[in-house]
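Results of the structural survey
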Amino acid sequence: MSHAPFSRRDFLKAGGALVISVMVPGAVRAAFGQTPVGGKPPLTPDELDSWIAVLPDGNVRAFFGKMDMGQGVDVAIGQIVADELDVAFERVNVVMGDTAFTCNQGGASGSTAIQNGGVTLRYAAAEARRVLLERASPKLGAPVETLTVRDGVVSVIGAPDRKVTYGDLIGGQYFQLKLEWNKRYGNPLLAKGQAVPKKPSEYTVVGQSIPQGVVADKVYGKLQYVTDVKVDGMLHARVLRSPTAGCGPVTIDESSISGIPGARVIREKEFVAVVAEREWDAVRAARALKVTWAPPCTPFPAMEGLYDHIRQASVTGRQAPVNKGDVEAALKSAHRVIEAEYQWPFQSHASMGPACAVADVRADHATVWTGSQKPHFARDGVAKLIGLPPEKVRATWVPGPGSYGRNDAGDAALDAALLSKLTGKPVRVQYMRDEATGWDPKGPAGIYRGRAGLDAQGNVVAYDFFAKGFTRQDVATNESDPKDTLAGQLTGYPPKPTVIFQVPAEAYEFANKRCGWECIPPLLERASPLRTGHLRDPLGPETHFASESFIDEIAQAVGADPVAFRLKYVKNPRHAAVIQAAADRAGWSKRPYPNPRRGKGNVMIGRGFSYTERNGTIVAMVAEVEVDRRSGRVWAKRFTVAHDCGLIINPRGLELTIEGNVVMALSRTLFEEVRFDREQVLSVDWTSYPILEIQDAPEQIDIVLVSRPDLAATGAGEPATRTVPAAIANALFDATGVRIRRVPITPERVKTALARA
Amino acid sequence: MSERIRLVVDGKSTEVSADPAMPLLYALRSELGLDNPKFGCGLAQCGACTVQVDGRPTRSCVTPVGGVKGKKITTLNGLGSPARPHPLQTAYIAEQVPQCGYCLSGWMLTAAALLRDTPKPSDRQIRQALAGVKCRCGTHMAILRAVKRAAGSKA
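As the structure is a computational prediction, the values presented were derived from the model and not from experiment. (Residues numbered from 1 in each chain as written. Chains lettered and ligands numbered in written order. Predicted model: local features only at pLDDT ≥ 70, side-chain atom pairs only at ≥ 80, totals over all residues. Heavy atoms only, no water.)

Looking only at helices and strands, chain A has 17 helices and 26 strands in total. In summary, chain A has a C-alpha radius of gyration of 27 Å against a globular reference of 27 Å for 757 residues, a match within 12%. By its C-alpha atoms, chain A is 80 × 80 × 45 Å across when sized along the principal axes. Counted over contacts in chain A with a minimum sequence separation of 6, partners at least 24 positions apart contribute 78%. When the accessible surface of chain A is split by element, carbon and sulfur atoms take 51% of a total near 25500 Å². A gap of 1 Å separates the mean positions of the 91 positive and 83 negative side-chain charges of chain A. (Helix = DSSP H or I, 4+ residues; strand = E, 2+ residues; numbered from the N terminus. Rg over C-alpha atoms; globule rule 2.2 N^0.38 Å. Contact = heavy atoms within 4.5 Å. Areas by Shrake-Rupley, 256 points an atom, 1.4 Å probe, with all protein chains shown as cover. Lys, Arg positive; Asp, Glu negative; His and termini not counted. Charge placed at Lys NZ, Arg CZ, Asp CG, Glu CD.)

Following this line, the structure appears as structure tokens:
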């Protein structure tokens, strides 16, 4: 397995055979986009050759139009393909992230790599096997039904000497076979052939914990990241962002960098950058360049007034997707009504390294190397920005410094392309830390209100959950349109936010239930450092922090055990089983709430429950916390997580993915908040935007994988994220008797709340 | 203001021509083409640029190259190789630690120094030694397992 588009096993054959060039960033200028070469059918989803290739040695290439962001979904795709084709896993090389060789399946998006992307790969591999058996049949003089395959060798059942290999049947040639395609691109893309894929009971590779080969390249310091791409003659660039949000450059004193070798200013409308031949010179020039900016404006409310601003803001859109019964009437007639409001701040992707991209824009074609998790969309955005048709632009994904949604990578790709066009040279852009944290699209701030009506017996007769906040898409989920990037917005593409929010995803059956949201306008229309965009599990942790905290508040109000309360209203047996699995593994027993034995010393202990669903994946968890009365520190000592994502492809990879979700979400719950004043974002580094450090990592994360081999695989890259925040808040309440309804749950907030209690 | 500066990197003696005030990170990456130390923050806050200088974990993004003349610099690449892996590298592969992996220099070169000085560290000692190193993917649990595995005291 290799993350490089093509491995050293690459070969080149002419005349109707597969033609694949060795793809090393910087080494290749040819082979563009969807141009057929050497008889290859066009790179469209309705061609089997767009998905599967069998090489002369019988090895297999699978062309995957989604991406792995480090959790190993490419390994899982290899397992799926190996199973369907009946070849050893080691024979399968998954190619991904290069627009020249993969169809746009949406990139990394919504935890759908396996859920959506894997489906087409499974169909394609099954179809390839069907065609290969059809070809083998006359050669072996035996009907297809009498053939069997073992590691790419087709033989006659009962006569193993009558055999032929995949390599002999088709190696190095194209299938030239059409698939049925639903005419969609991105996540919904689906293509299938005539073959019926195997039954889960027939899988032998799926279900194994095959490790990621690329891990070794990483730990020996050999993996090439996008930051390491070098192209002959490239310039290094650094961009300059306005010191206060919303203002633009007025004058630029180019003499201020005249002492720096080769450094010069590149400006296009309000976009300002410096370039130099050496990276350090570009860094120095960006620091030294004197720019006067338009008078400071004050687009933001004072930070302490953020939630008041949201409460009072006008509404750009409103929806109530869940609306059952008559909530208002039921609330009016209720014996008792419970209400609570929760708040979640802006958060940053704060990727490990600032985004980087390299672009080489020529008169009639362009190449961009990007860490974007959606290279096909990066290609489209670059093409529009520089005025080339998309098929003349090739985007190659090279692993970046983390991703987690629409981070700063998409902006860097278009910055690099614009600068390459303006300079006529290949350009490498990497942001500095303050741009990575200060100027990435942010996870949106919002307020969330719960109201529950109870009858005299403590039954829930009405449930109302309403959010109000910034849309999650001031910029779209990808950079396919320059309006959704800083380079575009600074050079005349007006932004156009999409009004979209989120409601809780769960299976509580309340007789009268309403869940809805309202969105408010952005604080600054154009090139805002507080523009919102997708951050890992967009609005998932935000919404479910509130909804699952509120469920616990209702349970507490009626004196119910939090697990028993949830099970009373969750009738869906699959959901209930996950709730029960987490409780059982954690040894959950009924007892009063908050914890009567929380501890008399400085450390109080408590446990909290939480349960959520995300696009078919169900997660329930117990968090056990220690709260230090003196410092206010909350330590999530132990998590017990039950996780049901249907069929499990790679159990160990799944466990590690869940761990990453839990720890990153723990960081967002306890530490993360974008700070700002009236003029600018103030969270610009790891001091002003702290994240979890290893001292605060749990002692243990115990994971129960609920296996459902009969059910289609659903996603795992995000679902456990949304379950964490309320588990912590609920455990904190159990430990202290104090309810905290605002994230992050910092030591200062805990101390203040304890002092008030 | 450029001068010739001799460096010993991963066992090889080499020379760069650079402003002595330039951070070591840029000398390694731009002048010597050693890409495995990464730019994370430029502020010594994250660890992605870590190298060992005479055995001490050092943030190369804020270390002037002129200050390490003739000193022994070890990058992640120099810690071990598939043929002769450092125990941490073996453990990291066994535990499948990294996700994006961009942070590895900080964690591994810091932990390698810990294990050299404290071959059997406690959980607390490991956490203390690794304070200040960042990982955004949340692989901390696997990091702890790998360091303990490398120390022969698997959790």
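Along the backbone of chain B there are six helices and five strands. Ordering the α and β elements of chain B from the N terminus gives β-β-α-β-β-β-α-α-α-α-α. Relative to a compact globule of 155 residues, whose C-alpha radius of gyration would be 15 Å, chain B shows 15 Å and is just as compact. Principal-axis analysis of the C-alpha atoms places the extent of chain B at approximately 50 × 30 × 25 Å. Counting every position in chain B, which comprises 155 residues, the buried fraction comes to 61%. Sequence-distant contacts, at least 24 apart, represent 54% of the contacts inside chain B between residues at least 6 apart. Carbon and sulfur atoms make up 50% of the accessible area of chain B, which amounts to about 5600 Å² in all. Put simply, chain B has 21 plus and 10 minus side-chain charges, and the middle of one group is 9 Å from the middle of the other. (Buried < 20%, exposed > 50% of the residue type's maximum accessible area, 1.4 Å probe, protein only.)

Our next topic: the sheet that holds strand 5 (residues 72–74) of chain B. All names here are of chain B. If you walk across this open sheet you meet the five strands as 2-1-5-3-4, and the pairing is mixed. In the strand order of this sheet, the two ends are held by strand 2 (12–18) and strand 4 (56–59), each with one partner. Each adjacent strand pair in this sheet contributes to an overall mean axis angle of 40°, direction not counted. Seen against the sheet, helix 4 (residues 104–117) touches strand 3 (50–53), strand 4 and strand 5 and runs at an angle of roughly 35° to strand 3. (Pairing = 2+ DSSP bridges. Axes fitted to C-alpha atoms, helices over the stretch in contact; angles between N-to-C directions.)

Between side chains of opposite charge, a pair can form when the charged atoms approach closely. By the definition in use, this model includes 66 salt bridges over all chains. Asp 411 of chain A serves as the salt-bridge partner of Arg 406 of chain A, at 3.4 Å between the closest nitrogen and oxygen. Judged on exposure class, the residue Arg 406 of chain A and its partner Asp 411 of chain A are both buried. Several salt bridges converge on common partners, so that one network encompasses Arg 652, Glu 655 and Glu 659 of chain A together with Glu 95, Arg 145 and Arg 149 of chain B. (Salt bridge = Lys/Arg side-chain N within 4 Å of Asp/Glu carboxyl O.)

The next subject is the environment of Val 327 of chain A. Summarising the element assignment, Val 327 of chain A is placed in helix 7 (residues 327–332). Expressed as a C-alpha distance, the spacing of Val 327 of chain A and Glu 748 of chain A, which sit 421 residues apart in the sequence, is 37 Å.

Residues and elements named next belong to chain A. In space, the seven strands of this open sheet follow the order 11-12-9-19-16-17-18, with mixed pairing throughout. Of all the strands in the sheet, the pair left with one neighbour each is strand 11 (264–268) and strand 18 (393–397). Direction aside, neighbouring strands of the sheet carry axes that sit 25° apart on average. Bridging between strand 16 (residues 356–361) and strand 17 (residues 366–370) involves five bridges; their strand directions are antiparallel. Of the residues in strand 17, the one forming a bridge with Val 361 is Ala 366.

Counting across every chain of the model gives eleven cavities of 30 Å³ or more. Of the volumes computed, that of the largest cavity is approximately 110 Å³. Lining the largest cavity are 13 residues, with Ser 242, Cys 247, Trp 439, Leu 490 and Ala 527 of chain A sitting closest to its centre. Partitioning the lining of the largest cavity into residue classes produces seven nonpolar, three polar and three charged. Taken as a whole, the second largest cavity holds about 90 Å³ of empty space. Lining the second largest cavity are twelve residues, and of these Met 69, Trp 397, Pro 399 and Gly 400 of chain A together with Cys 100 of chain B sit closest to its centre. Of the residues that constitute the lining of the second largest cavity, the class distribution is four nonpolar, six polar and two charged. (1 Å grid on protein atoms, 1.4 Å probe; cavity = no way out; pocket = protein on both sides within 12 Å on 5 of 7 lines; lining within 4 Å. Points joined across faces, edges and corners; volume = space filled by probe spheres on them. Nonpolar A, V, L, I, M, F, W, Y, C, P; charged D, E, K, R; others polar.)

Next up on the list: the confidence of the model for chain B. Fine structural detail should not be taken from predicted coordinates in areas where pLDDT scores are low. Averaged over all residues, the pLDDT of chain B equals 96, while 98% of them reach at least 70. Of the two predicted TM-score estimates for the complex, the pTM is 0.96 and the ipTM is 0.98. (pLDDT = per-residue confidence, 0-100.)

Here we come to the packing of helix 1 (residues 73–85) of chain A against helix 2 (residues 113–140) of chain A. Residues and elements named next belong to chain A. The geometry of helix 1 relative to helix 2 is characterised by a closest axis approach of 8 Å and an angle of 30° between their N-to-C directions. On the basis of their axis angle, the class for helix 1 and helix 2 is roughly parallel. You can see that helix 1 and helix 2 cross each other, and the crossing is right-handed. Contacts from Val 73, Ala 76, Ile 77, Ile 80, Val 81, Glu 84 and Leu 85 in helix 1 reach Ala 113, Ile 114, Gly 118, Leu 121, Arg 122, Ala 125, Ala 126, Ala 128, Arg 129 and Leu 132 in helix 2. In terms of residue class, the contact of helix 1 with helix 2 is made up of 13 nonpolar, one polar and three charged. (Parallel < 35°, antiparallel > 145°, perpendicular 65-115°, else oblique. Left-handed = near helix turned anticlockwise from the far one by under 90°.)

With that settled, the discussion passes to the interface of chain B and chain A. Many descriptions give the size of an interface as the accessible area lost when the pieces come together. Each partner contributes residues to the interface: chain B has 55 residues there, and chain A has 64 residues. Around 4900 Å² of area is buried between chain B and chain A when both sides are counted, 57% of it from carbon and sulfur atoms. Here chain B and chain A share eight salt bridges between them. When the shortest N-O distance is used, the salt bridge between Asp 228 of chain A and Arg 29 of chain B registers 2.9 Å. Linking chain B with chain A are 31 residue pairs in polar contact (both at pLDDT 80 or more). (Buried area = accessible area lost by both parts, 1.4 Å probe. Polar contact = N/O pair within 3.5 Å; in protein donor to acceptor, adjacent residues only side chain to side chain.)

Averaged over chain A, the pLDDT score is 94; the fraction of residues at 70 or greater is 95%. Segment residues 1–37 of chain A is flagged for pLDDT under 50; beyond a separation of four residues in sequence, or across chains, it makes 93 contacts in the model.

Bringing the packing of helix 12 (residues 540–557) of chain A against helix 13 (residues 562–569) of chain A into the picture now. All names here are of chain A. Close contact between helix 12 and helix 13 brings their axes to 9 Å; oriented N to C, the two are set at 105°. When the axis of helix 12 is compared with that of helix 13, the two are roughly perpendicular. The residues of helix 13 that touch helix 12, namely those facing Glu 548, Ile 551, Asp 552, Ile 554 and Ala 555, are Pro 562, Phe 565 and Arg 566. Split by residue class, the contact of helix 12 with helix 13 holds five nonpolar, no polar and three charged.

Now for the pairing of strand 2 of chain B. Residues and elements named next belong to chain B. Pairing of strand 1 (residues 3–9) with strand 2, which is carried by seven bridges, proceeds in the antiparallel orientation. If you follow Ile 5 over to strand 2, its bridge partner there is Val 16. What sits between strand 1 and strand 2 in their antiparallel hairpin is a turn of two residues, with Asp 10 showing a positive phi close to 50°.

Attention shifts here to the state of the cysteines. Residues and elements named next belong to chain B. Considering all chains together, one arrives at zero disulfides over all chains under this definition. This cysteine, Cys 49, is not joined by any disulfide, and Cys 61 carries the nearest cysteine sulfur, 3.7 Å off. Residue Cys 49 is classed as buried on the basis of its relative accessible area, which comes to 2%. (Disulfide = S-S within 2.5 Å.)

Okay, unusual backbone geometry next. All names here are of chain A. The omega torsion of the bond from Tyr 593 to Pro 594 falls at 5°, within 30 degrees of zero and hence cis. Inspection of the secondary structure puts Pro 594 in the loop between helix 14 (573–586) and strand 23 (603–614). In this structure, the amide linkage connecting Val 743 to the following residue, Pro 744, adopts the cis form with an omega of 0°. Residue position: Pro 744 is located in the loop between helix 16 (724–736) and helix 17 (747–756). In the Ramachandran plot, Gln 176 falls in the positive-phi region, its phi being about 55° despite a non-glycine side chain. Of note, Gln 176 is situated in the loop between helix 3 (166–170) and strand 7 (180–181). The phi torsion at Lys 183 lies on the positive side, around 65°, for a residue other than glycine. Here Lys 183 is to be found in the loop between strand 7 and strand 8 (191–192).

Let's shift gears to the nonpolar core. Judged by nonpolar contacts, the single largest core of 174 residues is most densely connected at Ile 554, Phe 609, Phe 639 and Ile 728 of chain A together with Tyr 92 of chain B. Top element by residues in this core is helix 15 (residues 651–670) of chain A. It accounts for nine residues. Core analysis: the second largest hydrophobic core is formed by 58 residues, Met 69, Ala 76, Val 94 and Leu 140 of chain A among them. (Core = buried A, V, L, I, M, F, W, Y, C linked by side-chain atoms within 4.5 Å.)

This part takes up helix 8 (residues 375–386) of chain A. Residue and element names in this part refer to chain A. The terminal C-alpha atoms of helix 8 lie 16 Å apart, and with twelve residues this matches the ideal 16 Å at 1.5 Å per residue to within 8%. Most of helix 8 is tucked away: eleven of the twelve residues are buried. Every buried residue belonging to helix 8 is among Pro 375, His 376, Phe 377, Ala 378, Arg 379, Asp 380, Gly 381, Val 382, Ala 383, Leu 385 and Ile 386, and all of these are buried. Where helix 8 is buried, its residues meet strand 16, strand 17, strand 18, helix 9 (409–423) and helix 11 (486–490). Gly 387 lies just past helix 8 and shows a positive phi near 80°. (Expected span 1.5 Å × (residues − 1).)

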